[in-house]
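# Results of the structural survey
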Amino acid sequence: MPDALLEVHNLTKIFPGIRALDDVHLTLRSGEVHALIGENGAGKSTLVKVLTGVYIPTSGTLTFEGKDISFRNAIDAQAAGIVAIHQEASMFPELTVTENIFMGHHLRNPRTKTLDWKAMTEQTRQLLGRMQLDIDPDTLVKNLSVAKRHMVEITKALSLDAKLVIMDEPTSALTGREVEDLFRIVRSLKEQGKAILFISHKFDEIFTICDYYTVFRDGQYIGEGKVADSNEDTIINMMIGRSIDQLYPEHQMQKGKEVLRVEKLCQLGAFKDISFTLHEGEVLGLFGLVGAGRSEVVRTIFGIDKASGGTMSLLGEPFSPKGAKESMKRGIALVPEDRQKQGLVLKMSLTKNISLPVLKQLSYKGLVTRAGKEQAYVQDHGSQMEIKAAGYHVDAETLSGGNQQKVVLAKWIGTSPKILILDEPTKGIDVATKAAVHQFVCDMAQKGVAVILISSELPEVLGMADRILVMHEGCQTAILDARKATAESVMKAAIATTVMEDTHA
Amino acid sequence: MEGQRDLVAKGRLINEMSLKNRLIEFFTKWEVLLVIIFIGVFVFFTLRTPYFLDWFNLMNASFQFSEKAIMALPMIFIIMCGDIDISIASIIALCAYVVGSAAQGGASIPSLIFLSLLVGTLAGLFNGLMITSLDMPAIAVTLATQSIFRGISIGLLGDQARTTFPEGFGFFGQEFIKGTIIPFEFVLYLVLMLVFAFILHKTTYGRRLYAIGNSAEAARFSGVNVKLTRVINFTVTGFFCGLTAVLLASRILSVRSNIATGWDLEIITLVVLGGVAITGGRGTVFGVFLGSLLVGYLKFGMGLLKFSGTLMTIVIGSLLISAVLLPRLLDLYKANRKLRLQAQR
Amino acid sequence: MPDDRSLASFVKKAFARRESTLILLLFVLLVPISVRSPQFLSMKNISTILNDMAILSIVAIGEFYVILSGGIDLSVGSIIAFSGMACGMVNESHPELSPALLLLLGIAIGVAMGLVNGLLVAYGKIPPIITTLGTVNIYRGMTFLLSKGTWVTAHEMSPSYIALPRTTFIGISILLWIAFFVIALCYYFSRFTRTGREIYAIGGNPTAAKFVGVNENRVRVVVFLVSGALCGLAGALWTARYASAVNEMATGFEMQAVAACVLGGVNFSGGAGGIIGVVLGTLFLGVVTNALPVIYLSVFWQTFVQGLIILLALALNTLSDQHKNKKLLAQRRG
């Protein structure tokens, strides 16, 4: 076993109302690809933020190259040689690839002290070449595809002489060949003696590329081990800690009449030929890898985005909404993917957030707000969701992730929707709230509401849905009956490039 | 409601705050600070000159600021939503031109008013449609329309002036409410102020403005028609430009192409001074009311003390910067205290 | 690695840039105008246009840096006024001082005023629009205070000072030489110094800039400092060129500077644009302004035409962005 590069001992990070990390351990070694596994909300991103200096730990120690260390900010961590691959955050879209890589440490011509573009472009070309990437260093980053941008990010990490490279769900926006490219790069980084922290929930990747793993659950360290000595079941067990049935309540589907029919729905650049029907009382799971286009589909159904082709009909009537308001009137509700930017107005009180979609109903003649009626409405729906807060007057941003999600749900159940769409509703929230959300979904279905549930977690979608629509790269690859589907069949569909034969509509 | 202990409102449990902290919370509220400064200004000038605290003088002074104060009201809506409009002075100029020319052509008072309101509304509508359809920041579009609208006025008017107005037109800008010393303009302002306050704080429209200003995206996802709201804001602003043009023309009974120059920045100053965040989502009509009156009477007092006009602009400019700087310093101070207190625990 | 240097792709890349569109538009404009009035393209007229625009180009570059960093500088006109008035007054009372020294004085004054702006924005954390909204008044007020309400007229200024912008060197006026020098210097600054590139970073993606270690505060101060310096220089030149220093000078000039930037393709959200574009934008404005009498439009319509041009430029921006987005989307899938 090679020497430890970075060790995390008894690390705890507390935010108001939530213990994101609770006494965790982690050991990263040079030349080793180490997987960090856990469900959403297990504490993985919090740990990454601690390692990159964005968060300061509440307690615990970090040892780097044998010495105790603490980072005051992101620059300290970077100076120590720790680099994290983010998604969009670190790119300058209007600048070239070369500049994106060298911003902050431009090369200078030693004689004239001016920036040496020739040298930088040449070095960039070499770096890109080493990774066998077909990218022109002079391209503006905004003109690159998401996958290529990702690659540039990785190239940047290499140029910074990183000792520890952290990759957080790096293949989420990549296709087959690009994933292979990525693995090739990871292996070469390994050979160069770098330590790699690989965060992923995709077992096939973990078993392909990783040497070692550590499992977190609910912010706690559960276990670790060599990948070669382990198998999927043991790891899943550690991840979930209880059998799947407990987390996902039983519900008897009582399939009612058809409420929504979507036929060959398309949106240029996002998805094409999406077709399905939706019935009262059923839960349709929408599964796919990140970037499959699921959010775009539901946003189009909800009227936020426009379709470029295809038709929709609601209860038999044609339906092409020009805005969320129209969809809401017809009985559709969408709990969006980005809770903080789309689901809530963070700087408004809970009351104002919960009443926002139904202001007209709560007001006198649709104009004048009635505080009493509003308060009663908010109390009613808020208590249904059991929101934990000091009062409804507090700003939404003071709540924990789980409670924020409850507020969003409270906001939408008040609109009495016939179709409830939830986009990754349990992302980044604690397990207790997760269970509550799942129970909520079942209750809704029981009441006859048609539910579309987008999820990237196999266990969740298998446990909650009656049927599963799988998407890949904007295409609909399968509609499976959840009772007959297995994790393998769903995953197969999620990476399939053509529509699969064996689908049950 | 569960867990009183669990979560904190704005960083600390309200009912656990000491009296000292609660007082600090209260006195650092923007509107409260404005009231304090307002009282301070009044006291200062009253001590320095006997002419200040005279009802007649105070009411007379309102002629100088009522029009700008009226314009500050629709600007609250625009800035609240995160937009800005630097073409308002130009729309006023355009409407004033229309009023002046129509008046010279013998139009009646009602038709003058109607024309002014119509032109203003159309100009505002143009702004709103351009901004939402071009998907460009409002500052860029209104920069262009600023030149376009005033440009029309300059092009048509050149360096001439229009000074013919029908009998009685001067009422709006110069006269008082019958039997009182309160100017019509000022009363009009007070009424409009109350209307805007009602709309902002007590209607669904006002609620949506706050939502859009804090998170246009979340508002959109909640069914708010953000585009339409913004267009309405700009159109309404244009309408009030038309109104202000009538008042202004009525007051000075002369229209030149350079009328109301520099007003856009002044009016924005009034709004920001009143506590509306330049990025939107925060602020009250009461605050802007205080701010408008504060600036108005500050100028009046300085005039009485024979301050030069230029010294006045320096004072107003410094007031704006201090008004924004002070809360930030206070925030820093409060954050520092919190850190020190936390470290002690 | 495919070599993307074929002529075709070069041409395609060149035309995707705003600068090329501007040059094209310029030619499109010049053709009908010079047909109508051949003197338009005469050396004399071109020289007039260039000289008219020299000062604006200097100021527009300063404004460009501020907009690039994600802000806006509304105090430009007032800095020009204060600096111009100060130079005028110094020249009046000390005519023996060389004009070059006066230019330096102007720059120094501009630097000080820009520094105040920069410190308020960077460390006071006051948004640039509000800071400059305040300082435009304060600086203008200071101008009045300085001059005590009086003006400096041509009689009171030394002949050497007035002659400075007009003196020619190889047929080109000193004013133009200074403008060229400033443009070249700023181009070098933007392209070949670290700080110059960091301005793009903090405007394009402030969070990412922080991640890579860019000192945002320092860069913001520098940006306003440079803008101030350029305005200060412009003030000294203005007084000399127009042979007068009045309190109201350069009122509203910031809008012309911003207009030049918008035409030049500078994005208001920051992080995009180039000096060449700004200079071309200035030139465009100059040509249009100068062409008005040629097409029998009275000078009074100048403002209107300028506004129309900016609006068209904005519409062009949007349309080209939409077009590019569509292409990118189509490339992806669906």
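Residues numbered from 1 in each chain as written. Chains lettered and ligands numbered in written order. Predicted model: local features only at pLDDT ≥ 70, side-chain atom pairs only at ≥ 80, totals over all residues.

## Focus on the packing of helix H4 (residues 76–93) of chain C against helix H12 (residues 253–263) of chain C
All names here are of chain C. Counted only if it meets this: Here the axes come from fitting lines to C-alpha atoms, over the contacting stretch only for helices, and the angles between their N-to-C directions go from 0 to 180 degrees. For the purposes of this entry, the term helix denotes a DSSP run of H or I that reaches at least four residues, the term strand denotes a run of E that reaches at least two, and both are numbered from the N terminus. Every angle not falling under 35 degrees, over 145, or within 65 to 115 is termed oblique; those three ranges are roughly parallel, roughly antiparallel and roughly perpendicular. What counts as a contact is two residues whose backbone-derived C-beta atoms lie within 7 Å of each other. Classification convention: Asp, Glu, Lys, Arg as charged; Ala, Val, Leu, Ile, Met, Phe, Trp, Tyr, Cys, Pro as nonpolar; all other residues, Gly among them, as polar.
Relative orientation of the contacting elements H4 and H12 amounts to 125°, with a least axis distance of 6 Å. Taken together, the axes of H4 and H12 are oblique relative to one another. Contact residues: Val76, Gly77 and Ile80 in H4; Phe253, Glu254 and Ala257 in H12. Class assignment of the residues belonging to the contact of H4 with H12 gives a composition of four nonpolar, one polar and one charged.

## Structural notes on the nonpolar core
Condition: For this analysis, nonpolar core means a set of buried Ala, Val, Leu, Ile, Met, Phe, Trp, Tyr and Cys residues linked through C-beta atoms within 7 Å. Residue burial here comes from a neighbour count, namely the number of other C-beta atoms, placed from the backbone, that lie within 10 Å of the residue's own C-beta, with 20 or more meaning buried, 12 or fewer meaning exposed, and in between meaning partly exposed.
Counting 364 residues, the largest nonpolar core has A:Ile421, B:Ile76, B:Ile92, B:Val99 and C:Val59 as its most contacted members. Among the elements that make up this core, the one with the highest residue count is helix H11 (residues 216–242) of chain C (16 residues).

## Looking at the pairing of strand E11 (residues 258–267) of chain A
All names here are of chain A. Test applied: Between any two strands, at least two bridges found by DSSP are needed for them to pair.
In this sheet, strand E12 (residues 271–279) lies alongside E11 in antiparallel orientation, the contact comprising six bridges. Across the sheet, residue Arg261 finds its bridge partner in E12, namely Thr277. Taking the residues that link successive antiparallel strands as the turn, the E11-E12 hairpin has three residues, and the phi of Gly269 there is positive, at about 85°.

## Notes on the interface of chain C and chain B
Taken together, the contact pairs 36 residues of chain C with 37 residues of chain B. At the level of secondary structure, the elements contributing two or more residues to the side of chain C that touches chain B comprise helix H6 (128–147), H12 and helix H14 (302–332) of chain C. A total of 14 residues in the side of chain C that touches chain B trace back to one element, the largest contributor, which is H6(C). For the side of chain C that touches chain B, the class distribution of residues is 24 nonpolar, ten polar and two charged.

## Re the confidence of the model for chain B
Residue and element names in this part refer to chain B. Filter applied, for reference: Per-residue confidence from the prediction method is given by pLDDT, with values spanning 0 to 100.
When pLDDT is averaged across chain B, the result is 86; 91% of the residues are at 70 or more. By mean pLDDT, helix H1 (residues 19–27) is the weakest element of chain B at 68, and helix H11 (residues 226–252) is the strongest at 95. Listed scores for the predicted complex are pTM 0.84 and ipTM 0.82.

## Regarding the environment of B:Ala89
All names here are of chain B. Looking at the element boundaries, Ala89 is found in helix H4 (residues 88–104). For Ala89, a count of 26 C-beta atoms within 10 Å gives the class buried. Residues Ala89 and Lys68 lie 21 residues apart in sequence; the distance between their C-alpha atoms is 9.9 Å. In contact with Ala89, other than residues within four places in its own chain, are Ala260, Thr261, Gly262, Trp263 and Asp264.

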